[in-house]
Amino acid sequence: MLTGMLATSRPHDPARTRDRVTQLSTASLRRVIDPDLDFDLVGSLGDGQVLPDELLSIHELPEFASLTLEQRARLSREEVASIVESGLRFEAVLMAGFSMEIFRNDDLTDPEVVYSLHEIGEETRHSRLFSRLLSQLEPTARNPLSRWRWVAAKIIPRILRRRATLDVLVLGGEEIPDLLQRKAAEHPDTDPFLREVNRYHRGEEARHLAYARAVLPSRLAEAGRVDRFLVRHVVPRVIHMMFDTLVHPGVYATVGLPTFDTWKRANKTPSRVALRHEATRPIVASLMAAGAMRDGRLTKPWRELAGVDASGQPLA
Ligand SMILES: [Fe+2]
Ligand SMILES: [Fe+2]
């Protein structure tokens, strides 16, 4: 039954996938950037507010109006630190997943192995830059959710064995920051160094997204029952949680606001919901294009995550 629902409307074409993956490896080779050596990336953040008001998570809540300029600056630095920290942790999980895929592959000359090594190389380089950003931001917020990290550490290795699940999670973990970074990079009031970091990271992530999309049809075609179930029902919930926890509740305490109450309300503001929809609709589009679910059969957690109908079309 599950197999039927996950019909591969566009059966995967191994030759085309190999060509695309080889192209991406060539593109990565041509653009090796080390953020500790590249002229534009060795700088540091300025003082004060690093993100404009409208890109802060609580700018639509009434209490935002009473924050002083200093508090807004503080909040912006804490929010960026929270996003950077979740990005660094997500990339660590992604690298673990890719490394295990290499280990399990019988053919180490497979273009997917070679590309994975390029991607891991890029992730390690920009992760070093994220670590440097964190030391410049010096966040003081305590993340109340971090006490559950041991639960995630137990579950993650089990999820990483499922290749379709890993691939769709990677799409989620890369589409969301891509949109946030595009908005920050395009805004004139974003800190100039942060803008440069965002531009560099988006360039590398564009290839990673292209790879995740290119291999999705083959991952779905090879997926077992559990993997398919996870893709349809569990992954959208994990991505929803990833989005909501990008800015963790502890951040709000640094400007004297309640933690969980502010966090819950912030994630329900119209701009935050619109941002979630905009960031996750491309994932739904990739799933539908790869035939993950039949037209009209998109599952409820995906519909709620992206604000789309059962065919993946945006709701008004
Ligand atoms: Fe990355
Ligand atoms: Fe990436």
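Quick caveat, the model's predicted, so the values are computed rather than measured.

1. So, the side chain of Glu101
Assignment of secondary structure puts Glu101 in helix 3 (residues 69-104). A polar atom in the side chain of Glu101 sits 3.4 Å from the side chain of Arg163. In this structure the side chain of Glu101 is engaged in a polar contact, spanning 3.3 Å, whose partner is the side chain of Arg219. In this structure, Glu101 is in contact with Arg163, Leu166 and Arg219, ignoring residues within four places of it in sequence.

2. Some points on the coordination of the iron ion (ligand 1)
On the protein side, the iron ion (ligand 1) has Glu91 (OE), Glu123 (OE), His126 (NE2), His201 (NE2) and Glu205 (OE) as donor atoms, found 1.8 to 2.5 Å from it. Here the donor residues of the iron ion (ligand 1) share one chain and are spaced in sequence as E-x31-E-x2-H-x74-H-x3-E.

3. Some points on the coordination of the iron ion (ligand 2)
The coordination sphere of the iron ion (ligand 2), as far as protein atoms go, consists of Glu123 (OE), Glu174 (OE), Glu205 (OE), Glu205 (OE) and His208 (ND1), spread over 1.9 to 2.6 Å. Taken as a pair, the iron ion (ligand 2) and the iron ion (ligand 1) show a spacing of 3.4 Å, with Glu123 coordinating each metal. Within this pair, whereas Glu123 is found in helix 4 (residues 111-137), its partner Glu174 is found in helix 6 (residues 163-186), the two being separated by 51 residues in sequence. Across the pair, exposure class does not vary: Glu123 and Glu174 are buried alike.

4. Describing the packing of helix 6 against helix 7 (residues 192-222)
The interhelical angle for the contact between helix 6 and helix 7, taken along N-to-C directions, is 155°, at an axis separation of 8 Å. Relative to helix 7, the element helix 6 lies roughly antiparallel. Both helix 6 and helix 7 take part in a crossing whose hand is left-handed. Tallied by class, residues from the contact of helix 6 with helix 7 come to eleven nonpolar, four polar and 13 charged.

5. Quick look at the nonpolar core
Residues Val168, Ile239, Leu287 and Trp302 are the most contacted members of the largest nonpolar core, which totals 48 residues. Counting residues per element, this core draws most heavily on helix 6, at nine residues. Not counting residues up to four positions away in its chain, the partners in contact with Trp302 are Val168, Val231, Arg232, Val235, Pro236, Ile239, Ile283, Val284, Leu287, Met293 and Val308. Formed by 31 residues, the second largest nonpolar core is a distinct cluster that contains Ile33, Val80, Leu137 and Val197.

6. Regarding the confidence of the model for the chain
The predicted model of the chain has a mean per-residue pLDDT of 93, with 97% of residues at 70 or higher. A low-confidence stretch, residues 1-8 (pLDDT under 50), is modelled with 21 contacts involving residues beyond four sequence positions or located in other chains.

7. Side note on the side chain of His277
Tracing the sequence through the fold places His277 in helix 10 (residues 270-289). Under the relative-accessibility criterion, His277 is labelled buried at 18%. With residues up to four places along the chain from it excluded, the contact list for His277 reads Glu304, Leu305, Ala306 and Gly307.

8. Quick word on the pattern of salt bridges
Inspection of every chain in the model, using the stated rule, returns 22 salt bridges. Across the pair Arg72 and Asp53 runs a salt bridge whose closest N-O atoms are separated by 2.8 Å. One end of the pair, Arg72, is in helix 3; the other, Asp53, is in the loop between helix 2 (14-30) and helix 3, with 19 residues separating them in the sequence. A residue is classified by how much of its surface remains accessible, and Asp53, at 27% relative accessible area, is partly exposed. Glu101 is paired through a salt bridge with Arg219; the nearest N and O atoms lie 3.3 Å apart. Placement of Glu101 in helix 3 and of Arg219 in helix 7 is noted, with a sequence separation of 118 residues between them. By relative accessible area, which is 3% here, Arg219 ends up buried. Through salt bridges with shared partners, one network takes in Glu101, Glu112, Arg163, Arg219 and Glu222.

What counts as what
Residues numbered from 1 in each chain as written. Chains lettered and ligands numbered in written order. Predicted model: local features only at pLDDT ≥ 70, side-chain atom pairs only at ≥ 80, totals over all residues. Heavy atoms only, no water. Helix = DSSP H or I, 4+ residues; strand = E, 2+ residues; numbered from the N terminus. Polar contact = N/O pair within 3.5 Å; in protein donor to acceptor, adjacent residues only side chain to side chain. Contact = heavy atoms within 4.5 Å. Donors = N, O, S within 2.8 Å, 3.2 Å for Na, K, Ca; no water. Buried < 20%, exposed > 50% of the residue type's maximum accessible area, 1.4 Å probe, protein only. Axes fitted to C-alpha atoms, helices over the stretch in contact; angles between N-to-C directions. Parallel < 35°, antiparallel > 145°, perpendicular 65-115°, else oblique. Left-handed = near helix turned anticlockwise from the far one by under 90°. Nonpolar A, V, L, I, M, F, W, Y, C, P; charged D, E, K, R; others polar. Core = buried A, V, L, I, M, F, W, Y, C linked by side-chain atoms within 4.5 Å. pLDDT = per-residue confidence, 0-100. Salt bridge = Lys/Arg side-chain N within 4 Å of Asp/Glu carboxyl O.

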